[in-house]
Amino acid sequence: MKPPGQRVTNESGAESPLTASSANADDYVAPSDVLFRDPALPHQLDTTVLGIPIRFRTNSQRVSGMFRDEFGEVERNDDTPEILRVQVVVFDGPFDAADARAVHHICPDPARVLVHGPGGMAIADPLRREALIYANDGLVRAETHFRHNFLEATTLALVTHFDRQPIHAAAIVRDGHAVLLMGPSGAGKSTLAYLARASGLTVLSEDIVWIQLTPSVRVWGRPRSIHLLPGAETHFPELRREVVSRQPNGKHKMTVELGDLHDAQPAVADSVTVCLLQPGGAHARIAPIESGELRQALMRDTDAGFDRYGERRAECARVLAENGGWRLTLSQDPHDSLSLLEELLQPGGE
């Protein structure tokens, strides 16, 4: 990163200054101290992320709008417990879209997460109950990249320390009961999530849920959108006009929005059924599986970010697998599985 007051190249290739008095005047005031000591952060938002109170502060109106779009807003009262803090400091500087994939997420220990790449850096430090993000204006204007790799990643890295264990699963919900659909990439989690949504069921997540263990098991999700592979329109003709675009992870998918984040129910507390997906059957069918097999399946996910808290992860697997689960074998037509999903959404499984 370069300090405030640096010179950047304009569209004609000439060098031009980018300072608080020019391009950024209507959005943010760059910190006057090149070491970013005690920057003025006039924009503030209080909200909850996965049920945990959190306060966002920044010197940028643009980033303040991202806070609201990404996490929503809640009213505070005198009973609000101690909160976490996320601070975003924006300074002058350019960003080349070609550098969007040159981002690194590092875990120096189980608690902290570092993010660094062209135009910015961040640290989530749950032991201090805070996250700090430093990003130049060019990076912030590459909004999808900044949101996904810096703002969202850093905030979730902070929150997950506080009894929110991530696992790879889609989650379908009805009347306080959640069915977790688990399987590797391409197993059909997102397709079934879309089918459930189109059939009037509530989708808590298409890919990741967070498990809370104390004082009781609770499933948290962020129901924002569903990402489907090209070809999904074969089974869902209403998707024929959807645009396929490149996602931050490099995959090409069509994005179906789930609606307003502010209207979504973020938590399920009553009961959970775990279902492993297995593609390739002539007909869709479900069969029970024993606790041991289900527990092994829950422990297979060792992707970075999901294995930060080994003991807690093992305890989540034990609790979720305690009463066994189900294997759902999918046919070529996802609609064949709808009635089976309906059965699994009954409290107690089938």
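Refer to the preceding data block for the structure.
Residues numbered from 1 in each chain as written. Predicted model: local features only at pLDDT ≥ 70, side-chain atom pairs only at ≥ 80, totals over all residues. Heavy atoms only, no water.

Asker: Can you lay out the overall build of the chain for me, pointing to particular residues and giving the numbers?
Answerer: Of regular secondary structure, the chain possesses 7 helices and 22 strands. Burial analysis of the chain (350 residues in total) assigns 48% to the buried set. Within the chain, contacts between residues at least 6 apart in sequence are counted, and of these 69% link residues at least 24 apart. Of the roughly 17,100 Å² of accessible surface on the chain, a fraction of 48% belongs to carbon and sulfur atoms. (Helix = DSSP H or I, 4+ residues; strand = E, 2+ residues; numbered from the N terminus. Buried < 20%, exposed > 50% of the residue type's maximum accessible area, 1.4 Å probe, protein only. Contact = heavy atoms within 4.5 Å. Areas by Shrake-Rupley, 256 points an atom, 1.4 Å probe, with all protein chains shown as cover.)

Asker: Which residues make up the environment of Leu 114, and what are the values?
Answerer: Relative to the helices and strands, Leu 114 is located in strand S7 (residues 113–117). Residues Leu 114 and Asp 125 lie 11 residues apart in sequence; the distance between their C-alpha atoms is 8.8 Å. Leaving out residues up to four positions away in the same chain, Leu 114 has contacts with His 104, His 105, Ile 106, Pro 108, Ala 122 and Ile 123.

Asker: Now, about the sheet that holds strand S4 (residues 52–58): what can you tell me, with residues and values included?
Answerer: Strand order in the open sheet formed by 7 strands is S3-S4-S5-S9-S8-S7-S6, with mixed pairing between adjacent strands. Strand pairing shows two members of the sheet lacking a second neighbour, strand S3 (43–49) and strand S6 (104–106), which therefore form its edges. Averaged over all pairs of adjacent strands, the angle between their axes in this sheet comes to 15°, without regard to strand direction. Lying on the sheet, helix H1 (residues 61–71) is in contact with S3, S4 and strand S5 (84–91); it crosses S3 at an angle near 15°. In this fold helix H3 (residues 143–159) packs onto S3, S4, S5, S6, S7, strand S8 (120–125) and strand S9 (130–136), with an angle of close to 15° to the strand it touches most, S8. (Pairing = 2+ DSSP bridges. Axes fitted to C-alpha atoms, helices over the stretch in contact; angles between N-to-C directions.)

Asker: Run through the environment of Arg 285, naming residues and quoting values.
Answerer: Tracing the backbone shows Arg 285 in strand S21 (residues 285–289). Look at Arg 285 and you get partly exposed, because its relative accessible area is 46%. A C-alpha to C-alpha distance of 5.3 Å links Arg 285 and Thr 329, two positions 44 residues apart in sequence. Residues within four places of Arg 285 in sequence aside, it is in contact with Arg 327, Leu 328, Thr 329 and Leu 340.

Asker: Account for the nonpolar core, naming residues and giving values.
Answerer: In this structure, Phe 56, Val 88, Phe 146 and Leu 151 are the most contacted members of the largest nonpolar core, which totals 36 residues. A total of 7 residues in this core trace back to one element, the largest contributor, which is H3. Of all hydrophobic cores here, the second largest spans 31 residues; its members include Val 179, Leu 201, Val 203 and Leu 328. (Core = buried A, V, L, I, M, F, W, Y, C linked by side-chain atoms within 4.5 Å.)

Asker: Give me the sheet that holds strand S16 (residues 225–228): which residues, what numbers.
Answerer: Strands sit in the order S16-S18-S17 across an open sheet of 3 strands; the sheet is antiparallel. What marks the edges here is a single partner per strand, and that holds for S16 and strand S17 (244–246). Neighbour to neighbour, the strand axes of the sheet diverge by 50° on average, direction disregarded. Relative to strand S18 (residues 252–257), S16 runs antiparallel, the two sharing 4 bridges. Along S18, the bridge assignment pairs His 227 with Thr 255.

So, to be careful, I would describe these as geometric facts and stop short of saying anything about function.
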